[in-house]
Amino acid sequence: MTLKKLCKALNWQGKGIRRWKDFIEELQFVVAVGEDALRELEAEDAARNLIKKHISVASADEIKAAVERSPLGAGIQVLPCDRRYQILNSEGWGGALDYTGIDRIRYISEFFDCDNFALALAVVCAMKFHINSVGICLDFSGGHAYAILPVRQPDGSIEIVILEPQNDKYIISLGGMYQGKFGIAIFA
């Protein structure tokens, strides 16, 4: 049966074909949205499965000591909000960062700038994976905000890594905006 005959049988005279075309377009839109949502769920599930393999727990004292041993040293005051933190090794952090997409958000001076990027990374990791160990470092000496990640090493120790969440780049040495001489790191 053709679409025209179906419309006639349903008494959809004149505008019947247009109604069916509109319905088909809406249905195609719903299917496309559903496919996008399914891809997003699959990506989140894959990231969650990867993270599960690389997660461990650390105390607030362990994280604080790791920051003090790091190049940031005693210049950054550590403010933990929890007693225990779920942390990842480098492979786990790689999976989490790939998933978040924070580095693809547009920078807008004063409205979505460095501090917002660091906060967004912390929130997405906590919300999606219950990883509460993304530190938000407000580096007053460098005039910048960035993320610091406690990374579980193969020997069980914790190393602090500085991450620029605007581009997912690891900061290898201090200098410029990454002074670490005076500031605070909040682990929420």
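Everything below is about the structure shown above.
Being a predicted model, the structure only gives us computed values, none of them experimental. (Residues numbered from 1 in each chain as written. Predicted model: local features only at pLDDT ≥ 70, side-chain atom pairs only at ≥ 80, totals over all residues. Heavy atoms only, no water.)

### What about the overall build of the protein chain?
Thought 1: Across its full length, the protein chain holds five helices and eight strands.
Thought 2: Its helices and strands in sequence order give the protein chain the pattern α-α-β-α-β-β-α-α-β-β-β-β-β, from N to C terminus.
Thought 3: Residues classed as buried in the protein chain amount to 39% of the 188 residues present.
Thought 4: Restricting the contact set of the protein chain to residue pairs at least 6 apart, pairs at least 24 apart contribute 65%.
Thought 5: Carbon and sulfur atoms form 58% of the exposed surface of the protein chain, whose accessible area is close to 11,100 Å². (Helix = DSSP H or I, 4+ residues; strand = E, 2+ residues; numbered from the N terminus. Buried < 20%, exposed > 50% of the residue type's maximum accessible area, 1.4 Å probe, protein only. Contact = heavy atoms within 4.5 Å. Areas by Shrake-Rupley, 256 points an atom, 1.4 Å probe, with all protein chains shown as cover.)

### As for helix H5 (residues 114-129)
Thought 1: Here H5 spans 22 Å end to end across 16 residues, near enough to the 22 Å set by a 1.5 Å rise per residue.
Thought 2: Within H5 the residues assigned to the buried category are Cys114, Phe117, Ala118, Ala120, Leu121, Ala122, Val124, Cys125 and Phe129.
Thought 3: Looking at the residues trailing H5, positive phi occurs at histidine 130, about 60°. (Expected span 1.5 Å × (residues − 1).)

### Considerations on unusual backbone geometry
Across residues other than glycine, the phi torsion is negative in most instances, and most of the peptide bonds are trans.
Thought 1: In this structure, histidine 130 is a non-glycine residue whose phi angle is positive, near 60°.
Thought 2: Within the secondary structure layout, histidine 130 lies in the loop between H5 and strand E4 (135-139).
Thought 3: With a phi angle near 60°, aspartate 168 is a residue other than glycine that sits in the positive phi range.
Thought 4: Tracing the backbone shows aspartate 168 in the loop between strand E6 (158-164) and strand E7 (169-171).

### Quick notes on the side chain of histidine 54
Thought 1: By secondary structure assignment, the location of histidine 54 is in the loop between helix H2 (16-53) and strand E1 (55-59).
Thought 2: With a relative accessible area of 14%, histidine 54 lands in the buried category.
Thought 3: Within polar-contact distance, the side chain of histidine 54 engages the side chain of asparagine 89 at 2.9 Å. (Polar contact = N/O pair within 3.5 Å; in protein donor to acceptor, adjacent residues only side chain to side chain.)

### Considerations on the nonpolar core
Thought 1: In terms of nonpolar packing, the biggest core is built from 24 residues, with Trp93, Leu121, Ile131 and Val134 touching the most fellow members.
Thought 2: Elements with a contribution of two residues or more to this core: H2, helix H4 (90-100), H5, strand E5 (144-152) and E6.
Thought 3: Top contributing element to this core by residue count: H5, with eight residues.
Thought 4: Sequence-distant contacts of isoleucine 131, that is, excluding residues within four places in its chain, are made with Ile51, Ile55, Gln86, Leu88, Trp93, Ala122, Cys125 and Ala126. (Core = buried A, V, L, I, M, F, W, Y, C linked by side-chain atoms within 4.5 Å.)

### A few points about helix H3 (residues 60-69)
Thought 1: Of all the positions in H3, only Ala60, Ile63, Ala66 and Val67 are classed as buried. Down the axis of H3, the buried side of the element spans an arc of 125°, and every buried residue falls inside it. Seen from the buried face of H3, the exposed residues on the opposite side, beyond 90 degrees, are Asp61 and Arg69. (Arc of directions from axis to C-beta.)

### Things to note about the pattern of salt bridges
Thought 1: Under the defined criterion, the tally for this structure stands at three salt bridges.
Thought 2: Arginine 104 is the salt-bridge partner of aspartate 103, the closest N and O atoms lying 4.0 Å from each other.
Thought 3: Connected via shared salt-bridge partners are Glu44, Arg48 and Lys128. (Salt bridge = Lys/Arg side-chain N within 4 Å of Asp/Glu carboxyl O.)

### A look at the packing of aromatic side chains
Thought 1: Taken as a whole and judged by the stated rule, the model has five aromatic pairs.
Thought 2: A centroid spacing of 4.8 Å and a plane angle of 70° characterise the contact between phenylalanine 112 and phenylalanine 117, whose relative ring orientation is edge-to-face.
Thought 3: With a centroid separation of 5.2 Å and an interplanar angle of 55°, the aromatic rings of tyrosine 146 and tyrosine 178 are classed as tilted. Of this pair, tyrosine 146 sits in strand E5 while tyrosine 178 is found in the loop between E7 and strand E8 (183-187), placing the two residues 32 residues apart along the sequence. There is no split in this pair, since tyrosine 146 and tyrosine 178 are both buried. (Phe/Tyr/Trp six-rings, centres within 6.5 Å; stacked < 30°, edge-to-face > 60°.)

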